[in-house]
Amino acid sequence: MGRTFGRYVGLTAVNPTTALYFAALTTAQGATLRAGAAGAAFLAGVALASLLWQQTLVVIGTFAGSRISPTARTWTFRLGYGLVAAYALKIAFPLPAL
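Thresholds applied
- Residues numbered from 1 in each chain as written.
- Predicted model: local features only at pLDDT ≥ 70, side-chain atom pairs only at ≥ 80, totals over all residues.
- Heavy atoms only, no water.
- Helix = DSSP H or I, 4+ residues; strand = E, 2+ residues; numbered from the N terminus.
- Buried < 20%, exposed > 50% of the residue type's maximum accessible area, 1.4 Å probe, protein only.
- Areas by Shrake-Rupley, 256 points an atom, 1.4 Å probe, with all protein chains shown as cover.
- pLDDT = per-residue confidence, 0-100.
- Phe/Tyr/Trp six-rings, centres within 6.5 Å; stacked < 30°, edge-to-face > 60°.
- Lys NZ or Arg CZ within 6 Å of the ring centre and 35° of its normal.

A. Inspection of the overall build of the protein at higher detail. Per the secondary structure count, the protein includes 5 helices and 0 strands. Starting at the N terminus, the α and β elements of the protein follow one another as α-α-α-α-α. Relative to its full complement of 98 residues, the protein shows a buried share of 4%. Split by element, the accessible area of the protein, about 7,900 Å² in all, is 74% carbon and sulfur.

Here it is as structure tokens:
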């Protein structure tokens, strides 16, 4: 389970959407977060939420990974990678406003 947890932490750390979200949030709340208590509470909240999210993904991944057939696993990988590719294209080539 430790290896799976490390993989999910690594994937979250390199997720550009997560990084951009927290960069925008901290920039917008910069004045508020400069106070020691508010900044510490924000950091603790982000760390706890991230840890809980990682643990949830690890448990679901461990549970499902041992019970999904190789064929189903192949299709879930294809679906997941397809969704990521579609999302990347949507960001790279936004639809024109009508």
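Next, the rest of the story.
B. Representation of the environment of Q54 within the structure. When you line up the elements, Q54 lands in helix α4 (residues 36–65). Exposure remark for Q54: the relative accessible area of 2% places this residue in the buried category. The spacing of Q54 and G6 is 48 residues in sequence and 9.1 Å in space, taken between C-alpha atoms.

C. Fine view of the confidence of the model for the protein. For the protein, the average pLDDT comes to 78, and 88% of its residues sit at 70 or higher. Summarising per-element confidence for the protein, the mean pLDDT is lowest in helix α2 (residues 16–28) (70) and highest in helix α5 (residues 70–92) (89).

D. Structural detail: the packing of aromatic side chains. Throughout the structure, instances matching the rule amount to 1 aromatic pair. Over the face of the ring belonging to W75 we find R78, whose NZ or CZ atom lies 4.7 Å from the ring centre.

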